[in-house]
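One-letter residues, chain by chain:
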Amino acid sequence: MKVVLDHVTKIYKSTRRRGGKDVLAVDDFDFELPDGLLIGLLGPSGCGKSTTLNLISGLESPTKGRIFFDSEDVTELPPEKRGVGMVFQNYALYPHMTVRKNIVFPLENLRGVQKLPQDHIEARVKRAAELVQIEALLDRKPGELSGGEQQRVAIARALVKIPRVLLLDEPLSNLDARLRLQTREEIRRIQKETGVTTIFVTHDQEEAMSISDIIILMKDGVVQQIGKPQEVYDDPVNLFVAQFLGTPQINVFDGRISGGDLYIGEERIMQAKGPDDGPVTVGIRPEGLVLDRQGVLTTKLSNVEVMGRDTSVVSTHEAAKRSVLRAVVSSDTLGQLSGNKAVFSVRPSKVHLFSKNDGRRLVF
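So, here's what we can say about the structure. Please read these numbers as outputs of a predicted model, since none were measured by experiment.

1. Things to note about the sheet that holds strand β9 (residues 214–219)
Paired through backbone hydrogen bonds, the strands of a sheet run either parallel or antiparallel to each other.
Link 1 in the chain: Strand order across the open sheet formed by six strands is β6-β7-β8-β3-β9-β10, with mixed pairing between neighbours. On the outer flanks of this sheet lie β6 (84–87) and β10 (222–227), each paired with one strand and no other. Neighbour-to-neighbour, the strand axes of the sheet open up by a mean angle of 15°, direction not taken into account.
Link 2 in the chain: Contacts from helix α5 (residues 177–194) reach β3 (38–42), β7 (165–169) and β8 (197–202), with the element oriented near 140° to β3.

This is the structure we're talking about:
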C-alpha cells in the first residue's frame, strides 16, 4: 500500500483570544511513500513528524491537501476505517487483560460484514504472536512483562488487524539501550516478513538509518531531505541535515574559498573549484580526518578515547564551531600523534561546503 501526501499542511489555531500565533506543524508535505517499505520519519522534537503520522492515521485532519492510500482518498475517513495499525510510545495496553485479550481486542470490536468467525480470530492471534515471538506469554498480564515484551504485544495488537499501513510513533523510546537495539531489529524482521508499508517515527537518527529503506528528515514542519539513509548521509542538501545525521556529529568550521582552494584558518585543506571566493562553512565527517604528521589541518590535542572498536581523537581548533572536534581513527595510526598536537589529512569525499547565508550545500 503506497501512501500519498498531496501538499498536506497542518496548522493549529491559537487558543489565545488575543495575540496568540497559529502553529504551522506540517508545511506542504508532498511525497509518495512507496509500497512495502519501511520509512523512517526523522527529526528533532517539534519538527512535525508525529503530527504527520497522526494525519496519516486519521487522528488529525489536514488544514490543506489530501491523503491517499493507493488511489483511494482517505482524507475524510475516520481512523477505524483506514485500515491502519498504530503503535504508540507508551504501548497503551489494558493492564487488566491478558496478552491474548489485548491482542484480540481490535478484532472483537468489529461489526457487520467485518466481524470475523472465532476460528479466524484465533488464527490471526496465533499468527501475530508468532511474528513477534510471544507465544509463551499469551496468558500473562502486561504487568508481568518487561518493557520489550510489552512493546511486542503492542506490535502484535496492531498487526492482528492485518493493516494496510503500520504506524509506529517512537516505539523504542521507553526501552534501555540493549532492548532498543534488539527491538528495532525485530521491527525490521517483522516488516520484511509481512511486507506491510511501515512508517517509523523517531528522533534517533541511528535507529532510523539502521532499519529504514527510506528516511524523511524534517525541521520546523518542513521536509528537508528524502532518500536512502546512506545516500542522505553522504550527500546532505544543507548544514542541518549534515549535522543531524552521524555519530559522532560532523565537525564544522569557519572556512574560506580563495583562488579555487579551501582554507581553514591559514592552512590550505584541499582544492575546491566551483564556489565563489569568500567565506564558507566547512563540514568534515569524523571518519574523514586521518592522523598524519604531514597533514593539512593542525589541531590542539585534548584526549584520546578508546571505546571498543572505535578510537576517537578529541582536539580543538580556533575555527571550529564547537568546543571540541572528534576524529574516528584506526588505533594503528595513533603513533602519528606528536606532543600536544593532532595533525590530520582529510578524505575529500567526507568534506562538505555550505553557504554561510542559508546553509545550503555548495557543489565543488
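That was the structure; now back to the text.
2. A word on a negative patch on the surface
Link 1 in the chain: On the surface, Asp 6, Asp 27, Asp 28 and Asp 30 cluster together into a patch of negative charge.
Link 2 in the chain: Per-element accounting of the negative patch gives the leading share, three residues, to strand β2 (residues 23–33).
Link 3 in the chain: Locating Asp 27 in the fold gives a position in strand β2.

3. Observations concerning the sheet that holds strand β18 (residues 325–329)
Link 1 in the chain: Strand order in the open sheet made by the five strands is β15-β19-β16-β17-β18, with antiparallel pairing throughout. Edge positions in the sheet fall to β15 (289–291) and β18, since each has one partner strand and no second. The sheet shows a mean angle of 50° between the axes of neighbouring strands, taken without regard to direction.
Link 2 in the chain: As paired elements, strand β16 (residues 297–307) and strand β19 (residues 341–346) share four bridges and run antiparallel to each other. Residue pairing across strands places Thr 298 opposite Val 343, the latter belonging to β19.

4. Structural notes on the pattern of salt bridges
Link 1 in the chain: One pass over the structure, following the stated rule, counts 23 salt bridges.
Link 2 in the chain: A salt bridge links Asp 22 to Lys 13, with the nearest nitrogen and oxygen atoms 3.5 Å apart.
Link 3 in the chain: Put simply, Arg 184 and Glu 206 hold a salt bridge, and the shortest N to O gap is 3.7 Å. With Arg 184 in helix α5 and Glu 206 in helix α6 (residues 205–211), this residue pair connects regions lying 22 residues apart in the sequence.
Link 4 in the chain: What makes Arg 184 buried here is its relative accessible area of 12%.

5. Looking at helix α3 (residues 118–132)
The α-helix advances 3.6 residues per turn, and as a result positions three or four apart in sequence lie on the same side.
Link 1 in the chain: The terminal C-alpha atoms of α3, which comprises 15 residues, lie 22 Å apart, in line with the 21 Å expected from a rise of 1.5 Å per residue.
Link 2 in the chain: Along α3, the residues classified as buried are Ile 121, Val 125, Ala 128, Ala 129, Leu 131 and Val 132. Around the axis of α3, the buried residues are gathered within 155° of arc, so they sit on the same side.
Link 3 in the chain: Along its buried surface, α3 packs onto α2 (99–108), α4 (147–159) and α5.

6. Examining the packing of α2 against α3
Link 1 in the chain: Packing of α2 against α3 brings their axes to within 10 Å, and their N-to-C directions diverge by 125°. The angle between α2 and α3 places the two elements in the oblique class. As for the relative orientation of α2 and α3, their crossing is right-handed in sense. Between α2 and α3, the contacting residues are Arg 100, Ile 103, Val 104 and Leu 107 on the first element and Ile 121, Arg 124 and Val 125 on the second.
Link 2 in the chain: Classifying every residue of the contact of α2 with α3 gives five nonpolar, no polar and two charged.

Calculation rules
- Starting afresh in each chain, residues are numbered from 1 along the sequence in its written order.
- Only residues with pLDDT of 70 or above have their local features reported here, since the model is predicted, and side-chain atom pairs are shown and tallied only from 80 upward, although totals for entire chains, interfaces and linings are computed over all residues.
- Each side-chain value is derived from all of the structure's non-hydrogen atoms; neither hydrogens nor water enter the calculation.
- At least two DSSP bridges between two strands are required for those strands to pair.
- Helix and strand assignments follow DSSP, with helices taken as H or I runs no shorter than four residues and strands as E runs no shorter than two, numbered in order from the N terminus.
- Lines fitted to C-alpha atoms define the axes, with helix axes restricted to the stretch in contact, and inter-axis angles between N-to-C directions lie between 0 and 180 degrees.
- It only takes one pair of heavy atoms within 4.5 Å for two residues to be counted as in contact.
- Patch members must show over 30% relative accessible area and no salt bridge, and they are joined within 9 Å when carrying like charges or within 5 Å when they are nonpolar side chains of Val, Leu, Ile, Met, Phe, Trp or Tyr.
- The Shrake-Rupley method, run with a 1.4 Å probe, gives the accessible areas here. Residue values count only the displayed protein chains as cover.
- Each salt bridge in this description consists of a side-chain nitrogen of Lys or Arg and a carboxyl oxygen of Asp or Glu lying within 4 Å of one another.
- For the charge count, each Lys or Arg is scored as positive and each Asp or Glu as negative, with His and the chain ends excluded.
- The atoms used to mark charge sites are NZ of Lys, CZ of Arg, CG of Asp and CD of Glu.
- Working definition: with a 1.4 Å probe on protein chains only, accessible area under 20% of the residue-type maximum means buried, over 50% means exposed, and in between means partly exposed.
- The span expected for a helix works out to 1.5 Å for each residue beyond the first.
- The arc refers to the directions leading from the helix axis to the C-beta atoms.
- Our angle categories are set so that under 35 degrees counts as roughly parallel, over 145 as roughly antiparallel, 65 to 115 as roughly perpendicular, and the remainder as oblique.
- In this scheme, a crossing is called left-handed if the near helix is turned counterclockwise away from the far one by less than a right angle; it is called right-handed if the turn is clockwise.
- For this classification, the nonpolar set comprises Ala, Val, Leu, Ile, Met, Phe, Trp, Tyr, Cys and Pro, the charged set comprises Asp, Glu, Lys and Arg, and every other residue, Gly included, is treated as polar.

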